[in-house]
Amino acid sequence: MSDSTLQALGGGATPPAQFGHDALVACDNLVRIFQSGTVEVQALQGLDLLVDQGEMVAVVGASGSGKSTLLAVLSGMDAPTAGRVRVGRWDLMAMHAKERVAYRRQMVGFVWQQTSRNLLPYLTSRQNVALPMTGPRRLRAARAGELLDLVGVGHVADRQPQEMSGGEQQRVAIATALANEPQLLLADEPTGELDTATAQEVFDALRRANRESGTTVVVVTHDPAVSGLVERTVAIRDGRTSSEVLRRDTGGDVTHEEYAVMDRAGRLQVPREYREALAMTRRVRLALEADHLGVWPDGSPR
Ligand code: ADP
Ligand code: MG
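Residues numbered from 1 in each chain as written. Chains lettered and ligands numbered in written order. Predicted model: local features only at pLDDT ≥ 70, side-chain atom pairs only at ≥ 80, totals over all residues. Heavy atoms only, no water.

A. Molecular detail of the side chain of T216. Checked against the element boundaries, T216 lands in strand β8 (residues 216-220). Residue class for T216 comes out buried when judged on its relative accessible area of 0%. In this structure, T216 is in contact with L24, V51, D52, Q53, G54, E55, Q183, L184, L185 and N210, ignoring residues within four places of it in sequence. (Helix = DSSP H or I, 4+ residues; strand = E, 2+ residues; numbered from the N terminus. Buried < 20%, exposed > 50% of the residue type's maximum accessible area, 1.4 Å probe, protein only. Contact = heavy atoms within 4.5 Å.)

In structure tokens, the structure reads:
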């Protein structure tokens, strides 16, 4: 062993920081395999995703790409097959049943696509929102009212779900999911049953939850147009994050920039349109330039 190797192994060296150590959500090479009989489905195939505290991220992707599986893992309802996943101080791979319950009570709020699944039918909005809260009854009712105001549905506080529109119910569901002051709010296609205008109101409610209460939001949607409404949109394809769109407000102008995602091993997916346009198949030629990489189809002249 050389002197320098020995030095590197010696006491003073700091260990490399863990992947995404400063993010609120860190999914590292996440794998989820479902087995039914002899059929094996790889719902997540090495997914990497980092979400910072206070961010609002939209997750898009075709049906069956693994979006709901990802949210089920992040909510603590499902456990991954392999990989690492951490939310705040919680290591979701290592959690026991008891910790899982505590995690779900303290750390996350969840909104489902089906309006009927989010609220108890025989309670008013205020009662639904107050249900997960602790403390004196009057305080809980007041706080529930504030949350309903935050998401723009203060006027339905005394109505039961069947007396409200789908969009109102989903906004009450957001208020309910915020009741225990979670750090992370997860929503799986919360606008899936709604028309466009109503969907916009529900998205606005999620944005207000994000901006005004500082809750980190991860929202799954099948609607690619949402990338205009959030700062970051992550696309999932075949159980992996494949691209990201960042939205930037530059003084009146809104720009969208699309990025490919490189995983920790340096792999990245070239969009099919690009591959087809240049007939790139199995091999490509790479060149390192001063500030970018060149990628040429195999057989192209040097
Ligand atoms: P999405 O929400 O993007 O439509 P899902 O995460 O629901 O996708 O599903 C990803 C893949 O995993 C699909 O092929 C789906 O059929 C499969 N899958 C999801 N849940 C289960 C399960 N409980 N058992 C077997 N296969 C499942
Ligand atoms: Mg789904």
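B. Summary view of the packing of aromatic side chains. Within the structure shown, the criterion is met by two aromatic pairs. Relative to Y103, the ring of W90 has its centre 5.5 Å away and its plane inclined at 65°; by these criteria the two rings are edge-to-face. Of this pair, W90 sits in strand β5 (residues 90-91) while Y103 sits in helix α3 (residues 97-106); the two residues are 13 residues apart in sequence, bridging distant segments of the chain. Pair check on accessibility: W90 and Y103 agree, each one buried. Summarising the aromatic geometry, the rings of F110 and W112 are spaced 4.6 Å apart at their centres and angled 50° between planes, so their arrangement reads as tilted. Taking the relative accessible area as the measure of exposure, F110 reaches 19% and is therefore buried. For the cation-ring pair, R117 lies above W112, with the distance from its terminal atom to the ring centre recorded as 3.4 Å. The side chain of R285 reaches across the aromatic face of W296, ending 4.9 Å from its centre. (Phe/Tyr/Trp six-rings, centres within 6.5 Å; stacked < 30°, edge-to-face > 60°. Lys NZ or Arg CZ within 6 Å of the ring centre and 35° of its normal.)

C. Spotlight on the site of ligand 1. Near ligand 1 the following residues occur: F34, V41, A43, A62, S63, G64, S65, G66, K67, S68 and T69. Within the contact set of ligand 1, an oxygen atom lies 2.6 Å away from a backbone nitrogen or oxygen of G64. A distance of 3.2 Å is found between an oxygen atom of ligand 1 and a backbone nitrogen or oxygen belonging to S65. Computed on the free molecule, ligand 1 has an accessible area of 560 Å², of which 61% lies beneath the protein chains in the complex. Breaking the shell around ligand 1 down by element, the ones donating at least two residues are β2 (39-51) and α2 (67-74). The element best represented in the shell around ligand 1 is α2, accounting for three residues. Here the shell around ligand 1 is composed, by residue class, of four nonpolar, six polar and one charged. (Near = heavy atom within 4 Å. Polar contact = N/O pair within 3.5 Å; in protein donor to acceptor, adjacent residues only side chain to side chain. Areas by Shrake-Rupley, 256 points an atom, 1.4 Å probe, with all protein chains shown as cover. Nonpolar A, V, L, I, M, F, W, Y, C, P; charged D, E, K, R; others polar.)

Nothing here speaks to function; it is geometry throughout.
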